[in-house]
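# Topology and contacts: notes
Residues per chain are reported as follows:
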Amino acid sequence: MRTQVLGAGVVRRATTLADGRDLFYYDDPGTALGPERAVDARTLAPRPDTATMRLDVLTGDWITVAANRQHRVMMPSADADPLAPQTPGNPSEVPSRYDVAVFENRSPAFGPALAEAVGTAPAAADAPRGLDDLDAPGLGRTRTAVGRCEVVCFSPEPAGSFGTQTVTRARTVIEAWADRTEALSALPGIQQVFPFENRGAEIGVTLPHPHGQIYAYPYVTPRTTRTLDMIDRTAPDLFARILDTEQRSERVVLRGEHWTAFVPFAARWPLEVHLMPHRHVPDLAATTDAERDELAPLYLRLLRGVDALYDTPTPYIAAWHQAPVRVGRDSVRLHLQLTSPRRAADRLKYLAGSEAAMWAWAAEVTPEQGAERLRDAIARTDAVDGVSA
């Protein structure tokens with residue numbers, strides 16, 4: 001097992017699963033776990049073939065067709081949790097007890113093939129040949145969906161989310177995100193890396209275990225492509241201008257030395273909040289120890305405020321937007337976009353005709369109202385937790 005000490009005293013231990021997939025343990029500083037980890041002794045079927053991407057010639061978007069994902073696990077019982085540490089009765093994906101664990105998804109949308117062979121990952125027969133190749137139009141165009149999809153287990157506990165973790169554990173997860181961002185960005189054919197957390201059945205979560213995912217794409221995603229276009233049409237320091245404008249508005253919900261959380265001026269969702277670093281950094285790998293140290297408690301305060309809005313936990317998507325690997329590094333700034341479809345205690349916003357089909361949004365909650373409600377909720381949780389603003 002290959003071992004390395006990372007920032008904040010986090011220790012990474014690298015190994016493989018029975019079918020050759022990578023597995024990384026990230027141990028908390030001062031962990032109670034020993035250095036040894038059990039070997040994955042399961043007999044597993046060969047990994048599925050890498051999916052194919054098809055070009056939507058009307059939009060320029062690449063659509064992955066990954067039939068292997070059709071039969072993935074759906075809300076298993078606690079004794080069959082595939083993200084829990086293995087037991088004699090549960091041959092799960094993680095052989096040992098852990099603090100944080102990251103491993104390659106068994107049913108990936110991208111990979112395991114890469115543009116070139118690396119380790120146990122084979123070279124794709126028809127990998128994208130760079131960004132120019134992906135931008136070229138044409139009917140019937142396909143490419144192999146090279147890349148990597150990883151699962152990030154925040155805790156060995158069977159239920160919870162990022163927001164239910166301790167500050168120490170949150171800091172370990174942030175270190176894992178940064179470490180994996182750097183490693184995935186270096187793989188052949190990867191164009192963008194995206195850590196995220198889906199929380200709640202309303203979002204479509206299939207496992208209640210506290211976890212997130214990281215996608216390493218073979219293209220620059222449509223959302224980021226539109227951002228790059230707006231930067232080209234406005235100014236290379238667009239993110240700095242946005243942050244300056246938002247910091248002077250009534251939409252700020254939290255502010256620290258290194259980070260500011262705000263409801264954006266043109267928020268789409270009933271609940272939407274962005275969290276942005278004060279200096280330009282392209283991704284989590286480029287953040288300093290001081291920025292990561294502040295992010296852990298600040299992000300937890302934000303998430304606990306989100307949950308304090310209602311009597312039951314709030315479903316959300318927490319999306320860490322990072323700059324592409326090869327373009328826009330000096331202009332696209334790392335930021336979190338947290339969104340929830342929940343518009344009342346018993347109501348969800350559904351994307352129907354205009355929004356789903358035409359991408360034409362209509363918001364029911366003003367960003368200023370959303371920010372005020374979230375500030376109040378954070379103040380309540382801070383008072384309970386004894387946190388001074």
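Definitions and cut-offs
Positions within a chain are numbered from 1, following the residues in the order the chain's sequence is written. This being a predicted model, a pLDDT of at least 70 is required before a residue's local features are given, and a value of 80 or more before pairs of side-chain atoms are given or counted; all residues contribute to the totals for chains, interfaces and linings. As a rule here, side-chain values cover all heavy atoms of the structure and leave hydrogens and water aside. When DSSP finds at least two bridges between two strands, those strands are taken to pair. Strands here are runs of E lasting at least two residues and helices are runs of H or I lasting at least four, both read from the DSSP assignment and numbered beginning at the N terminus. Axis definition: a line fitted to C-alpha atoms, limited for helices to the stretch in contact. Angles are taken between N-to-C directions and run from 0 to 180 degrees. We call Phe, Tyr and Trp rings a pair once their centres come within 6.5 Å, taking the six-membered ring for Trp, and we label the pair stacked below 30 degrees between planes, edge-to-face above 60, and tilted otherwise. Accessible area is worked out with a 1.4 Å probe on protein chains only. A residue is then buried under 20% of its type maximum, exposed over 50%, and partly exposed in between. Here, a charge over a ring is recorded when the distance from Lys NZ or Arg CZ to the ring centre is within 6 Å and its angle to the ring normal is within 35 degrees. Here a polar contact is recorded for every N or O atom pair within 3.5 Å, except that within protein the pair must consist of a potential hydrogen donor and a potential acceptor, and residues adjacent in sequence are included only if both atoms are side-chain atoms. Here, two residues are considered to be in contact whenever any of their heavy atoms come within 4.5 Å of each other. For each structure, a 1 Å grid was placed over the protein atoms alone; sets of points admitting a 1.4 Å probe that cannot get out are labelled cavities, open sets with protein on both sides within 12 Å along at least five of seven lines are labelled pockets, and lining residues have an atom within 4 Å of a point. Grid points are joined across faces, edges and corners, and a volume is the space filled by probe spheres set on the points. In the sections that follow, a salt bridge refers to a side-chain nitrogen of Lys or Arg positioned within 4 Å of a carboxyl oxygen of Asp or Glu. Each helix should span, by expectation, one fewer than its residue count multiplied by 1.5 Å. Angle categories: roughly parallel below 35 degrees, roughly antiparallel above 145, roughly perpendicular from 65 to 115, and oblique for all the rest. In the scheme used here, Gly and all other residues not listed as nonpolar or charged are polar, with Ala, Val, Leu, Ile, Met, Phe, Trp, Tyr, Cys and Pro taken as nonpolar and Asp, Glu, Lys and Arg as charged.

## Brief notes about the sheet that holds strand β4 (residues 52-56)
- Read from one edge to the other, the open sheet built from three strands follows the order β5-β4-β7, with strand pairing classed as antiparallel. The outermost strands of the open sheet, each flanked by one partner alone, are β5 (61-65) and β7 (142-144). Neighbour to neighbour, the strand axes of the sheet diverge by 30° on average, direction disregarded.
- Where β4 and β7 come together, three bridges link them in antiparallel fashion. In the sheet register, T52 faces β7, and the bridge partner there is T144.

## A look at the packing of aromatic side chains
- Under the criterion given, the structure shown has 16 aromatic pairs.
- Aromatic side chains F194 and Y217 sit 6.4 Å apart centroid to centroid with 25° between the ring planes, which places their arrangement in the stacked category. Residue F194 is located in strand β9 (residues 192-199), and its partner Y217 is located in strand β10 (residues 211-217); the two are separated by 23 residues in the primary sequence. Taken individually, F194 and Y217 each receive the classification buried, so the pair is uniform in this respect.
- Members of the aromatic cluster, connected to one another through ring pairs, are F110, F194, F196, Y215, Y217 and Y219.
- Cation over ring: R37 sits above Y25, and NZ or CZ is 5.0 Å from the ring centre.

## As for the side chain of E291
- On the secondary structure map, E291 appears in helix α5 (residues 289-307).
- Residue E291 is classed as buried on the basis of its relative accessible area of 3%.
- A polar atom in the side chain of E291 sits 2.6 Å from the side chain of R279.
- Apart from residues lying up to four places away in sequence, E291 is in contact with H258, W259, R279, V281 and A286.

## Describing the pairing of strand β3 (residues 22-27)
- The buried fraction of β3 amounts to six of the six residues, a majority that puts the element mostly inside the structure.
- In β3, alternate side chains face the same way, and those of D22, F24 and Y26 on one face and L23, Y25 and D27 on the other are all buried.
- Where strand β2 (residues 11-16) meets β3, six bridges bridge the pair, whose relative direction is antiparallel. When the sheet's bridge partners are listed, A14 is paired in β3 with F24.
- Between β2 and β3, which pair antiparallel in sequence order, lie five residues; one of them, G20, sits at a positive phi of approximately 95°.
- Two elements, β3 and strand β6 (residues 100-104), share four bridges in a ladder whose sense is antiparallel. Following the sheet pairing, L23 is matched in β6 by F103.

## Brief notes about the layout of surface pockets
- Roughly 210 Å³ of volume is contained in the second largest pocket.
- If you list the elements that add at least two residues to the lining of the second largest pocket, you get β3 and α2 (167-185).
- Counting residues per element, the lining of the second largest pocket draws most heavily on α2, which supplies three residues.

## Description of the pattern of salt bridges
- The final tally for this structure, using the stated rule, is 36 salt bridges.
- The closest approach of N and O atoms between R148 and E104, which form a salt bridge, is 3.3 Å. Taken together, the residues R148 in strand β8 (residues 148-153) and E104 in strand β6 connect sequence positions 44 residues apart. Considered together, R148 and E104 belong to a single accessibility category, that of buried residues.

## Things to note about α2
- The terminal C-alpha atoms of α2, which comprises 19 residues, lie 27 Å apart, in line with the 27 Å expected from a rise of 1.5 Å per residue.
- Burial of α2 is extensive: 15 of the 19 residues sit out of reach of the surface.

## Remarks on the packing of α5 against helix α7 (residues 367-385)
- Where α5 contacts α7, the axes come no closer than 8 Å and their chain directions differ by 110°. By the criterion of interaxial angle, the relationship of α5 to α7 is roughly perpendicular. In contact with R301, L302, R304, G305 and V306 of α5, α7 contributes L374, A377, I378, T381, D382 and D385.
- Its residues assigned to classes, the contact of α5 with α7 shows five nonpolar, two polar and four charged.

## Quick notes on empty space enclosed by the protein
- Under the defined criterion, the tally for this structure stands at one cavity of 30 Å³ or more.
- Lining the largest cavity we find V263, A267, W269, P270, L271, E272, V365, T366, P367 and G370.
- Looking at the lining of the largest cavity, the elements that each hand over two or more residues are β13 (271-277) and α7.
- Taken together, the residues that form the lining of the largest cavity break down as seven nonpolar, two polar and one charged.

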